[in-house]
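# Secondary and tertiary structure notes
Listed below are the residues making up each chain.
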2 protein chains.
Amino acid sequence: MLRHTVKRQFNLFSRAKPVREAFLCAHNGVSAAVRISTMNRSNVLNYSTKIPPRLTAESYPNLQRLSEFKKLSSDDLTFFKSILSDSEILQATADEDLAVFNEDWMRKYKGQSKLVLRPKTVNQISQILKYCNDNRLAVVPQGGNTGLVGGSIPVFDEIVLSLTQLNKIRSFDSVSGILKCDAGVILENADSFLAENGYIFPMDLGAKGSCHVGGIVATNAGGLRLLRYGSLHGTVLGLEVVLPDGKILNSMDALRKDNTGYDLKQLFIGSEGTIGVITGVSILAPPRPKAVNVGFLGVGSYEAVQEVFVQAKQELSEILSAFEFMDLKSQTLAKEHLKGVSHPLEDEYPFYVLIETSGSNKEHDDAKLEAFLEKAMENGSVLDGVVAQDETELRNLWEWRESIPESSQAGGGVYKYDVSLPLKELYSLVDAANERLNEKGLSSTSDPTKPVISAIGYGHVGDGNLHLNVAVRAYSKEVEKVLEPFVYEFVSSKHGSISAEHGLGFQKKNYIGYSKNEQEIAMIKELKNLYDPNAILNPYKYV
Amino acid sequence: MLRHTVKRQFNLFSRAKPVREAFLCAHNGVSAAVRISTMNRSNVLNYSTKIPPRLTAESYPNLQRLSEFKKLSSDDLTFFKSILSDSEILQATADEDLAVFNEDWMRKYKGQSKLVLRPKTVNQISQILKYCNDNRLAVVPQGGNTGLVGGSIPVFDEIVLSLTQLNKIRSFDSVSGILKCDAGVILENADSFLAENGYIFPMDLGAKGSCHVGGIVATNAGGLRLLRYGSLHGTVLGLEVVLPDGKILNSMDALRKDNTGYDLKQLFIGSEGTIGVITGVSILAPPRPKAVNVGFLGVGSYEAVQEVFVQAKQELSEILSAFEFMDLKSQTLAKEHLKGVSHPLEDEYPFYVLIETSGSNKEHDDAKLEAFLEKAMENGSVLDGVVAQDETELRNLWEWRESIPESSQAGGGVYKYDVSLPLKELYSLVDAANERLNEKGLSSTSDPTKPVISAIGYGHVGDGNLHLNVAVRAYSKEVEKVLEPFVYEFVSSKHGSISAEHGLGFQKKNYIGYSKNEQEIAMIKELKNLYDPNAILNPYKYV
Ligand SMILES: Cc1cc2nc3c(=O)[nH]c(=O)nc-3n(C[C@H](O)[C@H](O)[C@H](O)COP(=O)(O)OP(=O)(O)OC[C@H]3O[C@@H](n4cnc5c(N)ncnc54)[C@H](O)[C@@H]3O)c2cc1C
Ligand SMILES: Cc1cc2nc3c(=O)[nH]c(=O)nc-3n(C[C@H](O)[C@H](O)[C@H](O)COP(=O)(O)OP(=O)(O)OC[C@H]3O[C@@H](n4cnc5c(N)ncnc54)[C@H](O)[C@@H]3O)c2cc1C
């Protein structure tokens, strides 16, 4: 009886349209993702907030500039002018504070660099680094400056080495799918170029309109296509890297298979600009899928979310390209934020799942998705759902997932944690955080005198990646103390990672011990010391 | 008109059966792959040839044992006996020459070790290595001893550290698909275990009945599923490694995503036992495909092979799991070897392609394959073909690919080269080799006085991996000199790799310069020196 009701409620390809239209009108281009991906075209850096940041040096008064680093002198400028043209050197002046290069996207950090170098060739970068290394000038490599842990901007007066002008596609082989490009090519441009050739960049993220191919490699970004195409450790075939002493490590000619010696390039994937400057990337692009489907499902418990995931892997297997889950609270916040737009599902459910398939044959994919959904409804793991009928509906369903970060910030502020946990325990962190905040009497969705609105959870189930967002009415030391190091300790006790995607940067430098053991940390420091003995690259960060 | 004829010749699902039956009778379990994968069950090591090898020290008289290594003493044995039980220590005696551990699978090399240690715990391995490092005793880590470059056996009197008894599955998470196991688990056992749980090991190779999970990681093996599941650099999530000084690097708890620090484990993938002993592997297993199809196609030119590959990627996309090509000469040899068995295709073609799909829905996969083949016939890139109707036929079609190594050895001997080349130029090496052999008057398929029968080519087009086999009537220094360093120089001039899959080991130690540049080699040596300053691990090999 219940099954039957449920089944009737689930109306494949039917309910979506009216919902979508309302949604589209109200939310044209509001999400962070959209803003970011258009911003680059107009060349205006769009921050996450209008409130300008304080100087990092002021926010962290205990942190001192390292005296072993030389201060910039006129001799240094003379040298840089000898190898770079005027348009490749930006200096701070009375009118120009270089804020665009000194502030991060979140506007949490602000450096004080007086010099930005924007070389156009690898050879120039080699000369710059050699000079800086010989003269103990600290350097921050900067890509699209969209990083979320304060890694891409100076802390004090480090020179910014911007890759923005090293931005050519070098070659593409349409038989093998191997793309070779400069590090400064914007991700969206690389993907558009590949689209013209029937291929796809094996990685996508909200910042694609600004972030660089070199930047995503330097941060080992995860993003939306990881479930389908795997990590950059598998898809990057070769790199060109300028080492701190100016030497060039070049494996750009590497083919898909090469078993001669340690795979050096791997060390630079995720090294966040601390041991070398990535100048070129060779990557294997898969064929672009011809059909994409998105479904949005209501689920009764976190256990059921896991069941749906296993079923999806079994039934959709090779075409499953995203499996995102969201809790009810995240959707409640999103509904408040997207006022007036009706939610894809009429009733409320403890959990929601967004499922995406990408394949080469629309008809087959539709059939697979339908069969999977029918089974999942039948056995009760899915309680309700809609499937997008066209590109617009598809993007709209994604909006209910992608607008969560913004929605959780809308009440005043948000503490964000990007962690990995074993799948079974992924959601337990959200429960634990809410419990703790309630115990301390800090949290209420309705009482405006409480600092915390709620802790919400969502993320990439497929990758064991949870985003814990604690939505607050205002930032407060009290709340921060209740959350930290509690969250890191919780993650560490489950052998999770305190940074699944975003990296260490400045923000998490001191917390690596929660994810890595002593032996690992010792070996990481040893490598840093091996490649950058003067520690000129990205100081005050990472380890 | 031509098109029409061609189309009629191509008879989907029809011609295969009679051919297969004949084939099966004649070739029950003859191929190397089959032998290898059954050999483990009976625990008998099956070599590639019956002719026993000469001592490596005799074949390479210029190579000297390094005097810095201590010779085994009774004190050393006393120590090993204090931490290992009797069954964990094998000593050479008058009756027992430890040949199984001293000879490689190809029987090209033979070491003179007098001591084999087969510990059962990681802790024992840590103690062994610390002792050997402190006492300058050289050690060779050994997995299933199926390596093809002489890396797994001693050159002189090095101690063999065999992982065979460290062979437990540690855990499997059926939601995430994460398998954790000891390094000594045999690949086939790991895969069978996963099969029971609906998952598949993301790697397969002919040696699966003997090679270890740790061994394939140590060699970064490629094999048959690479096209579909990518390289081990993407699928391995964590490792447990004992370093030469006995310290244990453990990242077994790592989840799919963790961006905190350099990805240390990557250095050990493909390190061939030179910087640490892998004791545990955590790997992400994909769901087991429910449907597998195999087609065997006739193609008119190497250009057409490339066209078919691009079409297959576009049309079969996510279900394409193998794309193997073979030249006519390879099939001519195979036909001679498999006397009396009729070839899958009636007529001869300059090239053949074996295509495999693996997906979650048989009906969909059949439809995709049929549509692809029809198109490819229509536009003339494929001239003829058959598709297997059942599991038996499927295996038989694979036999025509897998029997090539044996067939090329059957005339007397074979020089084998396992290289990567840019796809466009993959086959040019075979032409160049044949031309050169003909020029020198060394080659003839019919004249028995010529040393060379023919150079043939086949391999994994999907990975840019060519196997060049030079079939000879007898080994001769003259032929070898014509081929080497010619082949390596040719590969190097096209920026290819002289070892796509098999690694460097002993055989290619001196040739790394053909694949890696000076900077890369310098950094590889630097890392070896960092982790193994006394160079006790796998000496005389790799770099
Ligand atoms: C809206 C939005 C959505 C996001 N979504 C995701 C997501 O889904 N998944 C995810 O993983 N991340 C996400 N991120 C964060 C992500 O890390 C960055 O967007 C991106 O990977 C960084 O690229 P970038 O070119 O902007 O690098 P930057 O921010 O400029 O730099 C990041 C770090 O890399 C270093 N670096 C940059 N370029 C180089 C180079 N060429 N050589 C050496 N070092 C270099 C810098 O020194 C710095 O430490 C998101 C960010 C935003 C703003
Ligand atoms: C019939 C046949 C087919 C093959 N097909 C393929 C193929 O398709 N693709 C491919 O890539 N290769 C193939 N190979 C070769 C391949 O490299 C090996 O079969 C396999 O990867 C080695 O595993 P093993 O456990 O036998 O390692 P071994 O042969 O024992 O060792 C190989 C190397 O790894 C080191 N090693 C082994 N275990 C460890 C450990 N636990 N820690 C540290 N170092 C270790 C050894 O010191 C040695 O240097 C094939 C071999 C055969 C005989």
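Analysis parameters
Residues numbered from 1 in each chain as written. Chains lettered and ligands numbered in written order. Predicted model: local features only at pLDDT ≥ 70, side-chain atom pairs only at ≥ 80, totals over all residues. Heavy atoms only, no water. Helix = DSSP H or I, 4+ residues; strand = E, 2+ residues; numbered from the N terminus. Rg over C-alpha atoms; globule rule 2.2 N^0.38 Å. Buried < 20%, exposed > 50% of the residue type's maximum accessible area, 1.4 Å probe, protein only. Contact = heavy atoms within 4.5 Å. Buried area = accessible area lost by both parts, 1.4 Å probe. Salt bridge = Lys/Arg side-chain N within 4 Å of Asp/Glu carboxyl O. Polar contact = N/O pair within 3.5 Å; in protein donor to acceptor, adjacent residues only side chain to side chain. Nonpolar A, V, L, I, M, F, W, Y, C, P; charged D, E, K, R; others polar. Pairing = 2+ DSSP bridges. Axes fitted to C-alpha atoms, helices over the stretch in contact; angles between N-to-C directions. Phe/Tyr/Trp six-rings, centres within 6.5 Å; stacked < 30°, edge-to-face > 60°. Core = buried A, V, L, I, M, F, W, Y, C linked by side-chain atoms within 4.5 Å. Least-squares fit on C-alpha atoms with pLDDT ≥ 70 in both. UniProt positions renumbered as here; feature names shortened; annotations may be inferred. Near = heavy atom within 4 Å. Areas by Shrake-Rupley, 256 points an atom, 1.4 Å probe, with all protein chains shown as cover. Domains from an automatic or database assignment. Expected span 1.5 Å × (residues − 1).

## A closer look at the overall build of chain A
- A tally of regular secondary structure across chain A gives 21 helices and 16 strands.
- Against the globule reference of 24 Å for 543 residues, chain A gives a C-alpha radius of gyration of 24 Å, in line with a compact fold.
- With 543 residues in all, chain A has 61% of them scored as buried.
- Partitioning the contacts of chain A with sequence separation of at least 6, the portion at a separation of at least 24 is 75%.

## Notes on the interface of chain B and chain A
- Each partner contributes residues to the interface: chain B has 94 residues there, and chain A has 94 residues.
- Buried area between chain B and chain A, both sides added, is near 7400 Å², and the carbon and sulfur share of it is 56%.
- If you sort the residues of chain B by the area they bury against chain A, Lys257, Asn259 and Tyr262 of chain B come out on top, with a joint share of 14%.
- Remark: the boundary between chain B and chain A carries six salt bridges.
- Here Glu501 of chain A ties to Lys257 of chain B by a salt bridge, and the two come within 2.6 Å at their closest N and O atoms.
- If you look at where chain B meets chain A, you find 52 residue pairs in polar contact (both at pLDDT 80 or more).
- Of all the secondary structure elements, the ones that give two or more residues to the side of chain B that touches chain A are helix 10 (226-229), helix 11 (232-235), strand 8 (248-250), helix 12 (265-268), helix 13 (302-316), helix 15 (362-378) and helix 21 (518-531) of chain B.
- Looking at the side of chain B that touches chain A, the element that brings in the most residues is helix 21 of chain B, giving nine residues.
- Among the residues making up the side of chain B that touches chain A, the classes are represented as 32 nonpolar, 40 polar and 22 charged.

## Notes on the sheet that holds strand 5 (residues 169-173) of chain B
Residue and element names in this part refer to chain B.
- Taken in spatial order, the five strands make up an open sheet running 5-6-9-7-8, and their pairing is antiparallel. Either end of the sheet is taken by a strand with one partner, and the two such strands are strand 5 and strand 8. Across the sheet, the mean angle separating the axes of adjacent strands is 10° when strand polarity is ignored.
- Pairing of strand 6 (residues 178-182) with strand 9 (residues 277-284), which is carried by five bridges, proceeds in the antiparallel orientation.

## Here we look at the packing of aromatic side chains
- If you walk through the whole model with that rule in mind, you get 52 aromatic pairs over all chains.
- With a centroid separation of 5.4 Å and 75° between ring planes, the pair formed by Tyr109 of chain B and Phe506 of chain B is classed as edge-to-face. With Tyr109 of chain B in the loop between helix 6 (99-102) and strand 2 (115-117) and Phe506 of chain B in the loop between helix 20 (486-493) and helix 21, this residue pair connects regions lying 397 residues apart in the sequence.
- Through successive ring pairs, a cluster of aromatic residues spans Tyr302, Phe325, Phe351 and Tyr427 of chain A.

## Overview of the sheet that holds strand 3 (residues 139-142) of chain A
Residues and elements named next belong to chain A.
- Judged by pairing direction, the sheet is mixed, and its four strands sit side by side in the order 1-2-4-3 without closing on themselves. Both edges of this open sheet fall to strand 1 (89-91) and strand 3, since each of them pairs with a single strand only. Each strand axis lies, on average, 20° off the axis of its neighbour in the sheet, ignoring direction.
- Examined bridge by bridge, strand 1 and strand 2 (residues 115-117) share three bridges and lie antiparallel to one another. Counterpart to Ile89 in the pairing with strand 2 is Leu117.
- Docked against the sheet, helix 5 (residues 74-83) engages strand 1, strand 2 and strand 4 (159-162), running at close to 150° with respect to strand 1.
- Relative to the sheet, helix 7 (residues 122-134) contacts strand 2, strand 3 and strand 4, its axis offset from that of strand 4 by approximately 160°.

## Quick word on the nonpolar core
- One finds Phe80, Phe201 and Ile216 of chain A together with Phe80, Phe201 and Ile216 of chain B to be the most contacted residues of the largest nonpolar core, which totals 152 residues.
- The residues touching Phe201 of chain B, leaving out its near neighbours within four places in the chain, are Leu179, Leu187, Ala190, Asp191, Leu194, Val213, Ile216, Arg225 and Ile283 of chain B.

## Considerations on the pattern of salt bridges
Residue and element names in this part refer to chain B.
- Within the structure shown, the criterion is met by 52 salt bridges over all chains.
- A salt bridge links Lys70 to Asp76; the shortest N-O distance between them is 2.6 Å.
- Given a relative accessible area of 30%, Lys70 falls into the partly exposed group.
- Note that Lys130 and Asp134 form a salt bridge whose closest N and O atoms lie 2.8 Å from each other. Of this pair, Lys130 and Asp134 both sit in helix 7 (residues 122-134), separated by four residues, roughly a single helical turn.

## Let's talk about the relation of the copies chain B and chain A
- The two copies are related by a screw motion: chain B maps onto chain A through a turn of 180° and a shift of 0.0 Å along the axis, at an RMSD of 0.0 Å. Both copies are brought into coincidence by an operation consistent with a two-fold rotation axis. Closest approach to the rotation axis among the C-alpha atoms of chain B is made by Gly234 of chain B, whose C-alpha sits 2.1 Å away.

## So, the UniProt feature "domain: FAD-binding PCMH-type" (unreviewed entry) in chain A
- UniProt annotation of "domain: FAD-binding PCMH-type" (unreviewed entry) refers to residues 109-288 of chain A when read in the numbering used here.
- Helix makes up 23% of residues 109-288 of chain A and strand 22%, whereas the separation of the span's terminal C-alpha atoms amounts to 38 Å.

## Quick word on the site of ligand 2
Residue and element names in this part refer to chain B.
- If you check the shell around ligand 2, you find 34 residues, and the closest are Pro141, Gly143, Gly144, Thr146 and Gly147.
- Measuring from an oxygen atom of ligand 2, one finds a backbone N or O atom of His212 at 2.8 Å.
- A distance of 3.1 Å separates an oxygen atom of ligand 2 from a polar side-chain atom of Asn538.
- Within the complex, 95% of the 960 Å² of free accessible area of ligand 2 lies under protein.
- For the shell around ligand 2, the elements supplying multiple residues, two or more each, are strand 3 (139-142), helix 9 (213-219) and strand 9.
- Sort the elements by how many residues they give to the shell around ligand 2 and helix 9 lands first, with four residues.
- Across the shell around ligand 2, the residue classes tally to 14 nonpolar, 18 polar and two charged.

## So, the domain arrangement of chain A
Residue and element names in this part refer to chain A.
- Taken domain by domain, chain A holds domain 1 (2-30 + 291-404), domain 2 (56-162), domain 3 (169-284) and domain 4 (411-502).
- With centres defined by C-alpha atoms, the gap from domain 3 to domain 4 works out at 32 Å.
- For the domain 3 and domain 4 pair, buried surface summed over both sides reaches about 410 Å², with 47% attributable to carbon and sulfur atoms.
- Considering only the surface of domain 3 that becomes buried against domain 4, Gly223, Leu226 and Leu227 emerge as the three largest contributors, covering 56% of it.
- Counting across the interface, domain 3 meets domain 4 through zero salt bridges.
- Seen at the junction of domain 3 and domain 4, the total is one residue pair in polar contact (both at pLDDT 80 or more).

## Some thoughts on the pairing of strand 12 (residues 351-359) of chain B
Residue and element names in this part refer to chain B.
- Burial of strand 12 is extensive: nine of the nine residues sit out of reach of the surface.
- Residues Phe351, Val353, Ile355, Thr357 and Gly359 of strand 12 are buried on one face, and the alternating residues Tyr352, Leu354, Glu356 and Ser358, pointing to the opposite face, are buried as well.
- Looking at chain direction, strand 10 (residues 291-299) and strand 12 are connected through nine bridges and run antiparallel. When the bridges of strand 12 are listed, Gly295 appears paired with Ile355.
- With seven bridges joining them, strand 11 (residues 320-327) and strand 12 adopt antiparallel strand pairing. Paired with Phe323 across the bridge in strand 12 is Ile355.

## Examining helix 18 (residues 428-439) of chain B
Residue and element names in this part refer to chain B.
- If you check helix 18, its first and last C-alpha atoms are 16 Å apart, about what twelve residues at 1.5 Å a residue would give, namely 16 Å.
- Buried residues of helix 18: Leu429, Val430, Ala432, Ala433, Asn434 and Leu437, and no others.
- Among the residues trailing helix 18, Gly441 stands out with phi positive, at a value near 65°.

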